[in-house]
Amino acid sequence: MWTRRYLAGLVALGAVSACTIVPSSGNPTTVDKEDGGSDPLSQPYVRIIASEPRQNATPVEIIQGFQAATAGFDDTSRMIAKMYLTPEARAKWHPSGSKATVCDCKFTSPELPDQDATELRLPIKGKTIATIDPEGRYLPAPSGTDNSVVDEIALVKLDGQWRISAAPAGLLLRPDDLSRAYRRVTLYYPDIEGQGLVADRVRLPIDPVRGFPESLIERLLAGPSKPLADGVRNVFPKGTDLRDIRVEDDAVVMDFSSELARLAGSPDRLRVMKAQLAWTFSAVAALPIVVTVNGEPFPGGGLRFQQREYQNFDPAVLSPQAGGYFVHNGTLVKEPRPNEEPVPVPGAAGQPNQAFTDPALAELPYTRVAALRPDPGIWVADLVDGSQWQRWITAEGALTPPSWDRYGEVWSVERTAPEGAYGSRVWHAREGRPLQVSAPELENANVKAFRVARDGVRAAVIADHGAGESVQIGVIVRLADYRVGGLEELIPPEEGRTIVDIAWQDDGTLLVLTEQGKQQSLTVYSIADGDDPETPNVDRRVSSISAAPGHILAADEDGALRRWNGTKWDTPIKAGVTYVVYPLG
Amino acid sequence: MARLSAPATGRNPSGSAPKARGKRPRRTLRQIARGVRRRARRLAGRLRGAYRRSLQLRVVTSTLVISMVVVAVLGVFLFQSITDAMIAGRTRAATAEAKANVSSVAGYFTVSQNEVPAKGGDPAAAVGTPVELAARDLAERAGSRYDVVILNKDAVGQDRATGSIDAASVPERLRRDLMKSGSTTLSWRQPATLRYLDNAKPNQIGFVVGSLVFSPDGTYEIYHLFPLQEEEETLSSVLQLLVIVGAGLVLLLAAIASLVTRQVVTPVRLARQAAERLASGRLEERLKVRGEDDLARLATSFNEMAGTLALKIHQLEELSQVQRQFVSDVSHELRTPLTTVRMAADLLYEAREDFDPMAARSAELMQAQLERFESMLADLLEISRYDAGAATLDLEPVDMRDVVLRAVGDSEALAERHATRFELRLPNEPCMAECDSRRVERILRNLLFNAIEHGEGKDIVVALGADRDAVAVAVRDHGVGLRQGEENMVFDRFWRADPSRARTIGGTGLGLAISREDAILHGGWLQAWGSPGEGTQFRLSLPRLAGAELKGSPLPLVPPEVEMRRSWRGQATPVLSAAAGESGVFDVD
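Cut-offs applied
Residues numbered from 1 in each chain as written. Chains lettered and ligands numbered in written order. Predicted model: local features only at pLDDT ≥ 70, side-chain atom pairs only at ≥ 80, totals over all residues. Heavy atoms only, no water. UniProt positions renumbered as here; feature names shortened; annotations may be inferred. Pairing = 2+ DSSP bridges. Helix = DSSP H or I, 4+ residues; strand = E, 2+ residues; numbered from the N terminus. Axes fitted to C-alpha atoms, helices over the stretch in contact; angles between N-to-C directions. Domains from an automatic or database assignment. Contact = heavy atoms within 4.5 Å. Buried area = accessible area lost by both parts, 1.4 Å probe. Salt bridge = Lys/Arg side-chain N within 4 Å of Asp/Glu carboxyl O. Polar contact = N/O pair within 3.5 Å; in protein donor to acceptor, adjacent residues only side chain to side chain. Nonpolar A, V, L, I, M, F, W, Y, C, P; charged D, E, K, R; others polar. Left-handed = near helix turned anticlockwise from the far one by under 90°.

As recorded by an unreviewed UniProt entry, chain B carries the name Sensor histidine kinase MtrB and is attributed to Acrocarpospora phusangensis. According to the UniProt record, the Catalytic activity (unreviewed entry) comment for chain B is "ATP + protein L-histidine = ADP + protein N-phospho-L-histidine." Of the comments in the UniProt record for chain B, the one headed Subcellular location (unreviewed entry) reads "Cell membrane".

The name that an unreviewed UniProt entry assigns to chain A is Lipoprotein, with the source organism given as Acrocarpospora phusangensis.

Here's what the structure looks like:
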């Protein structure tokens, strides 16, 4: 009797509840990608599945299989790739620790080997696109030079199966492999003074076992890549390890080993460390970060922070809203807002008919302008009413246009060699006191321009060592004695090409104005990845350029001010403009 | 239980066991097992007893069992349908997604990898090979919801996977079947365990959907690996919920059943207790009536029944009182005329020699019958005194041997007339007892007269026994004996073993009834044993101290020789003993 009542009750309940399980109306809500229930830390990626050599594979198939196996990062020791090698070659081949070459190589046999051939040499045909050094730095192959790969792979027949007896050193990747197996990441390290962050752009192989976030933070702990390492610090104590990284309560919990607890006593370093994590991790997810040590909250109160708290560490320094300056009829003028008349700046530079060229501006800690004047030397004037030009650097030889760094120091390079010879000396001056800077790589070169990046660590140089003008990127080392070193060629010299001007757009992008046979071209270079195909072209000859994130200012030969806002050029002022300048850079 | 504890006890003997055994005998395994079994059996017995006795327990148990079965069946059915709906829905949606994915990436595979134009410059924007583009596309679509594996048996270096899925998660059989079918329109599906590289993630239950795509570079197999972990977790929590709810429901039902039965059982229990008290003679016992339900009506009826019963019993008692009074009155009233008649009859009897023989004989007859009438009247008066509760004891310590001898002496004359001899078995030392010797003598006399009358001239054994608390006299005859069930009827008033038989001694028919009343008055027993053909034995047991409760008798009720014969027969010839018991002819004496 009870059970029958119970049954009837159940049936009744079922009948009642059948109507209203799924809501048929409601308020509209936004749908994120995250709403798919996916883990914010896991991003989709593709792996290559390395497969063992097949039975009776042709030599070409062996090389293709070997190449595919080297491109897979499932197994960092590459056991499967080694199966394509003879035992001797296996002992000699060490893929990890040596650079990887990216080339669009084709492996085709010119003619089929004889049936009873036991040895074969196959040439590798193709062009090198870039190399990736063991630290993950992507070094694009200089364009315009002969990049064709001249190497060959030797194969022998072992027990009736072809095997590679001499493998190319390091990994051989194809462009597909590069875009599949590596991810571009930007690591952030503080400058020596801990004022801001400097971006270190590297390629990080995708490790399917560890996952991208873990690989990223571990790469950050490993320290900056080579030339930059001298100019920046890494606040993480030596031996710090990432133990775990996971998402918990809408926050990323990073668990480090106990070494990190040493930072508890120094709030400055802690602040910088948080900025490093926040900026580096922003590539993965915009979630709050919680730092724990050995699974416990960070000593002295838990460490939980948002990425937006560290916006002032921006390595680009200049915000996209920053206004530019230009020299109009011999007076320095601040770029007006729309529908406003240009107003001269206060101080000496704002007076009419001032004789100065190539101005450079600093806004922090003081708003100052530095420029070349008819009298030799670097002249500096504050942008305050009643200021006068002061000579900060006095030199015998010709000086390059001045360049400010973020610490309020002005930089210039003096030409020390006579016409036809090569020699330079680098100067920097702080509050009117000039100091010489050691720059061994520039001593035998003529320098046309020296621009300190806004992050204060990198410097772009137009230098001529005798082979023609090239653009090089160096690092300023600010120890007891300043030093400029680690120069690397961004744009190699080319016959008949001159480099008119360079300007930093942000911390990793350099604008290069080149001229070849009366034809000017403006190129945007990423210092980590090579040139950007989407370069804004100018239709007129340009005499001066300057750039800020998202903006380019140029003064053309007619004296018109040209402004690029990311999509198109416009011309707010038609005549009388000789120089354009954004603060720093 | 015992088996589980075996290793623990079995390991000991090597080391510490002898010492321990020296102090305190260690129980062996078998003893422990036996103890456990015994305890279990006792518990089971107690439970069974409780189950038999308690209606409530029975109802609750059956409710529990039935509702458990119902809940289990319903739960299994419910869970099965939820599982089916969920898994089927997920599988359908996933398969549809896999098919849509495959048909949308199939476009990439129309060109060979070798025909893709090589492009220098920034590799990020490079046009990839077909499999690269397809894999990238699929990875974008999959996100972290599922994984895709692309395999190609015909070309080298064309195998791709998304995420950290281990390509070996694709079951070999699915690959074989898919390749065998060779159709791009047909997809294959198989449940599988999804494994991940180096355990980057724990293994998951899921299923794999495989499809084929033809391309100039050979046949690509595209596998979608869908995890069902979420469904699994949801289902397991649903299962937990169902189990908890089911258990709760069953317990609730049991509690309800218990409550309901309590409402029924409690009044029934009260009624039982009332009936028990009623049965023990407390006729004023009544039930409380609450409400108007069936149980209330039961109580009302019970009370009515008890009332009617009490009334009837009262009436009967009154009636019986009236009758006794009547008998007593009649007896008294008859005495006076009888005395006169007696005196007249005595005169006639003394002068009988002067009468003619006929008249003389009549006078003799009248004299004899008058004597009998007188004694009958005396007995009637005596018994009515008992009925009225007026009988009193005249207690004094007496030697029972004297009492027995006096009674035997009184019966000598009658015994001689019946050619019967007495055999006395009396102890040597005195047997003192507190009793009314007159009444005890009367009892013994009655027993002896009775034995003589039914003894058929055979010897009568009179035995006296005594112990610390009691004395007993047994009178044994070897007459026709008593039939089964007559042992108690002999004490009824005016009872006759054979109604057709005339009373030879002229007993009143009240002798044994009076004797029993006498025995009861002493706090003693008067019992009879008899067996057809073996005679009869009456045993009178009395406490030595008046008022003491009698716990046993010094003499057996069944004569020892009969008992011995029975047991000997039972052991020697069981088959024969049955026959002998029935016929009663087999006599060893």
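Let's shift gears to the sheet that holds strand β4 (residues 128–132) of chain A. Residues and elements named next belong to chain A. Read from one edge of the open sheet, four strands run β5-β4-β2-β8, paired in mixed fashion. The outermost strands of the open sheet, each flanked by one partner alone, are β5 (138–140) and β8 (171–173). Averaged over all pairs of adjacent strands, the angle between strand axes in this sheet comes to 25 degrees, irrespective of strand direction.

Partitioning chain B into domains gives domain 1 (104–233), domain 2 (340–387) and domain 3 (396–558). Centre-to-centre, using C-alpha coordinates, domain 1 of chain B lies 136 Å away from domain 2 of chain B.

Turning our eyes to something else, we now look at the side chain of B:Ser215. When you line up the elements, B:Ser215 lands in strand β4 (residues 204–215). Not counting the four nearest positions on each side in its chain, B:Ser215 is found in contact with B:Phe109 and B:Tyr220.

Turning our eyes to something else, we now look at the interface of chain B and chain A. Counting residues at the interface gives 45 residues for chain B, matched by 35 residues for chain A. Carbon and sulfur atoms make up 60% of the surface buried where chain B meets chain A, a total of about 3300 Å² over both sides. Applying the counting rule to chain B against chain A returns one salt bridge. Note that B:Glu132 and A:Arg180 form a salt bridge whose closest N and O atoms lie 2.5 Å from each other. Joining chain B to chain A, the criterion identifies eleven residue pairs in polar contact (both at pLDDT 80 or more). Looking at the side of chain B that touches chain A, the elements that each hand over two or more residues are α4 (55–105), α5 (130–142), β1 (147–152), β2 (160–162) and α7 (229–279) of chain B. For the side of chain B that touches chain A, the class distribution of residues is 24 nonpolar, eleven polar and ten charged. Bridge count between strand β1 (residues 46–48) of chain A and β2(B): three bridges; the pairing is antiparallel. Directly across from A:Val46, in β2(B), lies its bridge partner B:Thr162.

This brings us to the packing of helix α11 (residues 437–454) of chain B against helix α13 (residues 511–521) of chain B. Residues and elements named next belong to chain B. Relative orientation of the contacting elements α11 and α13 amounts to 145 degrees, with a least axis distance of 9 Å. When you trace α11 past α13, the crossing you get is left-handed. The residues of α13 that touch α11, namely those facing Arg439, Arg442, Ile443, Asn446, Leu447 and Asn450, are Gly511, Leu512, Ile514, Ser515, Asp518, Ala519 and Leu521. Of the residues assigned to the contact of α11 with α13, the class counts are six nonpolar, four polar and three charged.

All names here are of chain A. Once the domains are mapped, chain A shows domain 1 (59–173), domain 2 (182–313) and domain 3 (325–581). Distance from the C-alpha centre of domain 2 to the C-alpha centre of domain 3: 34 Å. When domain 2 packs against domain 3, close to 1400 Å² is buried across both sides, 51% of that on carbon and sulfur atoms. Contact with domain 3 buries area across many residues of domain 2, yet Arg201, Pro227 and Asp230 alone supply 34% of it, more than any other trio. Where domain 2 packs against domain 3, one counts one salt bridge. For Arg201, the salt bridge goes to Asp507, with nearest N and O atoms at 3.7 Å. For the pair domain 2 and domain 3, the interface holds two residue pairs in polar contact (both at pLDDT 80 or more). Examining the composition of the side of domain 2 that touches domain 3, we find that six residues originate from one element, strand β10 (residues 197–205), more than from any other. For the side of domain 2 that touches domain 3, a count of residues per class yields seven nonpolar, three polar and seven charged.

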